[in-house]
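Architecture and fold: a report
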Amino acid sequence: MKFLLLVHNNLEALEGLTEDQLTELAGGREQVATLTRELLKSGELVSVLALNEPAETKDVQLVAGTPVISDRPLLETKEFLAGALVVNCASQERALELAAMIPLAQFRRVELREIRMDQDDFLVELDQL
């Protein structure tokens, strides 16, 4: 079973922190490296994404067939999606264990979503069309 672990953050909570403090808040380089190596070795880690802050976001929507591009925030919220991990594990319980291992889970929300279809599944379906 594959799961998407969505890591949320809050810009206001990060204001005034140095780069070293942000790294430590994320668990420190060594702890993150150790966890990453363990999950790669077990075959459970599929992908890791770190996203830019919302200020760099662009929004695209088709209006009457014309793409309208906006750089305004999509939602008025303090919380934003900071990154994500794709994991492949035996059960939802294991995925929840992995989510709890993310150092930021001590301070921020990690959302767990089961992946209904991934790239491999999509390509199989595409070949059948």
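The shown structure was predicted, so the numbers you read here are calculated from the model rather than taken from an experiment.

Rules used throughout
Residues numbered from 1 in each chain as written. Predicted model: local features only at pLDDT ≥ 70, side-chain atom pairs only at ≥ 80, totals over all residues. Heavy atoms only, no water. 1 Å grid on protein atoms, 1.4 Å probe; cavity = no way out; pocket = protein on both sides within 12 Å on 5 of 7 lines; lining within 4 Å. Points joined across faces, edges and corners; volume = space filled by probe spheres on them. Helix = DSSP H or I, 4+ residues; strand = E, 2+ residues; numbered from the N terminus. Nonpolar A, V, L, I, M, F, W, Y, C, P; charged D, E, K, R; others polar. Contact = heavy atoms within 4.5 Å. Buried < 20%, exposed > 50% of the residue type's maximum accessible area, 1.4 Å probe, protein only. Arc of directions from axis to C-beta. Polar contact = N/O pair within 3.5 Å; in protein donor to acceptor, adjacent residues only side chain to side chain. Core = buried A, V, L, I, M, F, W, Y, C linked by side-chain atoms within 4.5 Å.

1. Regarding the layout of surface pockets
By volume, the largest pocket amounts to about 840 Å³. For the lining of the largest pocket, the elements supplying multiple residues, two or more each, are β1 (2-10), α1 (11-14), α2 (19-25), α3 (29-42), β2 (45-50) and β5 (79-88). Residue composition of the lining of the largest pocket, grouped by class: 21 nonpolar, five polar and four charged.

2. Looking at the side chain of S70
Here S70 lies in strand β4 (residues 66-70). The contact partners of S70, leaving out residues within four places of it in the chain, are T57, K58 and D59.

3. A look at helix α4 (residues 92-101)
Buried within α4 we find A95, L98 and A99. Taken down its axis, α4 places every buried residue within 105° of arc, on the same side. Away from the buried face of α4 by more than 90 degrees, exposed residues E93 and A100 are located. Buried residues along α4 sit against β1, α3, β5 and β6 (110-114).

4. Quick notes on the side chain of N10
With respect to the helices and strands, the residue N10 is situated in strand β1. Only 2.8 Å separates the side chain of N10 from the backbone nitrogen of E12, close enough to count as a polar contact. Not counting residues within four places of it along the chain, the set of residues in contact with N10 comprises K78, E79, F80 and R108.

5. Structural notes on the nonpolar core
L5 and I102 are the most contacted members of the largest nonpolar core, which totals 17 residues. Contributions of two or more residues to this core are made by β1, α3, β5 and α4. Residues in contact with L5, not counting those within four places in the same chain, are G83, A84, L85, V87, A95, L98, A99, I102, V110, E111 and L112.

6. Here we look at unusual backbone geometry
If you check the backbone angles, A64 has positive phi at about 55° while not being a glycine. Tracing the backbone shows A64 in the loop between β3 (59-63) and β4.

7. Quick look at the environment of L17
Its place among the elements puts L17 in the loop between α1 and α2. Between the C-alpha atoms of L17 and E79, which are 62 residues apart in sequence, the distance is 17 Å.

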